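# Breakdown of the fold
Below, each chain spelled out in residue letters.
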Amino acid sequence: MKTWKLVSGILSILLFFLVAFQSCAAGISNALLANGEKSGSGGILLAVMMLAGGIVSIATRQQKENGGNIALCILFGIGALAGFVLAGSFSDLNIWAAWCTVNAALAVISIVKEKKENV
């Protein structure tokens with residue numbers, strides 16, 4: 001799981017820039033069209049959670065305790081929830097929310113795996 005945490009952390013940090021750029025464009029589009037959607041704001045929230053999750057993932061990859069994994073579940077979970085709920089016409093947000101869901105699920109698997117190793 002250490003390798004996965006490093007790879008997913010680096011990818012999440014890199015994807016932050018793409019998601020943030022897309023979300024700004026979606027937010028401007030929502031404002032110009034005055035369609036009442038919140039997909040740009042949801043994308044920015046998802047991007048920030050993805051960045052924070054990536055940093056935590058890299059920083060806690062060597063730890064044996066579950067604190068880092070719990071933080072990853074919360075950060076990526078909030079990002080996934082924001083992405084799925086606020087996607088609207090910004091359909092790419094569902095893809096980024098799925099990435100956050102995969103990372104949150106792997107953090108849960110890591111918690112279960114650590115618990116089994118400690119028993």
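Residues numbered from 1 in each chain as written. Predicted model: local features only at pLDDT ≥ 70, side-chain atom pairs only at ≥ 80, totals over all residues. Heavy atoms only, no water.

## Comments concerning the environment of Asn66
Relative to the helices and strands, Asn66 is located in the loop between helix H2 (39–59) and helix H3 (67–86). On the accessibility criterion, Asn66 (22% relative accessible area) is partly exposed. Counting along the chain gives 44 residues from Asn66 to Gln22, while the straight-line C-alpha distance between them is 33 Å. (Helix = DSSP H or I, 4+ residues; strand = E, 2+ residues; numbered from the N terminus. Buried < 20%, exposed > 50% of the residue type's maximum accessible area, 1.4 Å probe, protein only.)

## Topic: the nonpolar core
One finds Val19, Leu46, Met50, Phe76, Trp96 and Cys100 to be the most contacted residues of the largest nonpolar core, which totals 22 residues. Looking at this core, the elements with two or more residues in it are helix H1 (2–33), H2, H3 and helix H4 (92–118). In terms of residues, this core owes the most to one element, H4, which gives 8 residues. Among all residues touching Leu46, those that are not within four sequence positions of it are Val19, Gly79, Gly83, Leu93, Trp96, Ala97 and Cys100. (Core = buried A, V, L, I, M, F, W, Y, C linked by side-chain atoms within 4.5 Å. Contact = heavy atoms within 4.5 Å.)

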